[in-house]
Amino acid sequence: MKSILKSATVLVAAMTISVNAFAQETKKPASPPMTATGKIKDANITINYSSPSVKGRTIWGGLEAYDKVWRAGANEATTFETDKDITVQGKKLPAGKYSFFLIPKASGTWTAIFNKEAKQWGAYKYEQSKDALRVDVKTKALPTTQEALVYKINNNGFTMDWDKISVPVEIK
């Protein structure tokens, strides 16, 4: 009887460890990696980013400071890739892969940045001297709160929507 009880205890312990390990492996990350893809005119566009959530926090002017370069997502810097030369907000951007940053501003006119150093963690080592393009974009208020940050590609460019703000970037 003791050996049966001992075997059952070992079995239950092993199952508990296995279930906990599985739960940790399948737990959704706080800011899951996401990809937005689409075609604008004849250019294939890919945006890779990590999607944080609002979670009741003050985002603009709080979690994300005004007038400071922001990675436009979470974790690694957001990347923007185009396989053709494009025009962003009326300015030329050559085909390539870029890190994409935003500078949020209280005024509602933000700065969008395409930086030649595509692989960066956050904006910690961001260097303005490596910018391929900087453009001003006018934000729009969203009718409802966008809980998880999302990029959407459309015929006119793309938007970054999060919290109560939409940042439309025009591409031709």
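Residues numbered from 1 in each chain as written. Predicted model: local features only at pLDDT ≥ 70, side-chain atom pairs only at ≥ 80, totals over all residues. Heavy atoms only, no water.

Peer 1: Sorry if this is basic, but what is going on with unusual backbone geometry here?
Peer 2: Of all residues except glycine, most have a negative phi; of all peptide bonds, most are trans. Residue K55 is not a glycine yet carries a positive backbone phi of 50°. Inspection of the secondary structure puts K55 in the loop between β2 (43–50) and β3 (78–82). Using a relative accessible area of 52% as the deciding quantity, one classes K55 as exposed. Within the chain, N75 stands out as a residue other than glycine whose phi angle is a positive 60°. Checked against the element boundaries, N75 lands in the loop between β2 and β3. (Helix = DSSP H or I, 4+ residues; strand = E, 2+ residues; numbered from the N terminus. Buried < 20%, exposed > 50% of the residue type's maximum accessible area, 1.4 Å probe, protein only.)

Peer 1: Any chance you could explain the confidence of the model for the chain here in plain terms?
Peer 2: The predicted coordinates of low-pLDDT regions are not to be read in fine detail. Residue-level pLDDT values for the chain average 88, and 85% of them are 70 or greater. Across residues 10–23, confidence stays below pLDDT 50; counting only partners more than four residues off in sequence or on other chains, it has 0 contacts. (pLDDT = per-residue confidence, 0-100. Contact = heavy atoms within 4.5 Å.)

Peer 1: Explanation requested: the pattern of salt bridges in the structure shown.
Peer 2: One side chain can pair with another of opposite charge once the charged atoms of both are near each other. Taken as a whole, this structure holds 6 salt bridges when the rule is applied. Between K119 and E76 there is a salt bridge, with its nearest N and O atoms 3.1 Å apart. You can see K119 sitting in the loop between β7 (109–115) and β8 (131–138) and its partner E76 sitting in the loop between β2 and β3, a full 43 residues away along the chain. Judged by relative accessible area, which is 63%, K119 ranks as exposed. With a shortest N-O distance of 3.8 Å, D163 and K164 are connected by a salt bridge. Here the residues in one salt-bridge network are E117, E127 and K130, joined through shared partners. (Salt bridge = Lys/Arg side-chain N within 4 Å of Asp/Glu carboxyl O.)

Peer 1: What is the right way to read the environment of K152 from this model?
Peer 2: Tracing the backbone shows K152 in strand β9 (residues 140–154). When its relative accessible area of 41% is taken as the criterion, K152 is described as partly exposed. Sequence separation of K152 and T37 is 115 residues, and the distance between their C-alpha atoms is 8.2 Å. K152 has contacts with G157, F158, T159 and D161, leaving out every residue within four places of it along the chain.

Peer 1: What am I meant to see in the layout of surface pockets here?
Peer 2: The gaps of empty space that remain are located by a probe, the size of a water molecule, rolled over the atoms. The calculated volume of the largest pocket comes to roughly 270 Å³. The wall of the largest pocket is formed by 13 residues, among which E64, K68, V69, W70 and R71 lie closest to the centre. Along the lines of polarity and charge, the residues of the lining of the largest pocket split into 7 nonpolar, 3 polar and 3 charged. When its volume is computed, the second largest pocket comes out at roughly 200 Å³. Together, 13 residues line the second largest pocket, and N48, E76, A77, T79 and K119 are the ones closest to its centre. Here the lining of the second largest pocket takes 3 residues from β2, the largest share from any one element. (1 Å grid on protein atoms, 1.4 Å probe; cavity = no way out; pocket = protein on both sides within 12 Å on 5 of 7 lines; lining within 4 Å. Points joined across faces, edges and corners; volume = space filled by probe spheres on them. Nonpolar A, V, L, I, M, F, W, Y, C, P; charged D, E, K, R; others polar.)

Peer 1: Explain the sheet that holds strand β6 (residues 96–103) here, please?
Peer 2: Within a sheet, each strand pairs with its neighbour through backbone hydrogen bonds, oriented either parallel or antiparallel. The strand order across the open sheet built from 6 strands is β1-β2-β3-β6-β7-β8, with neighbouring strands paired in antiparallel fashion. Looking at which strands have only one partner, the edges of the open sheet turn out to be β1 (33–40) and β8. When strand polarity is set aside, the average angle formed by the axes of neighbouring strands in this sheet is 25°. Direction of pairing for β6 relative to β7: antiparallel, over a ladder of 5 bridges. Bridging from a neighbouring strand, S99 pairs with N115 of β7. (Pairing = 2+ DSSP bridges. Axes fitted to C-alpha atoms, helices over the stretch in contact; angles between N-to-C directions.)

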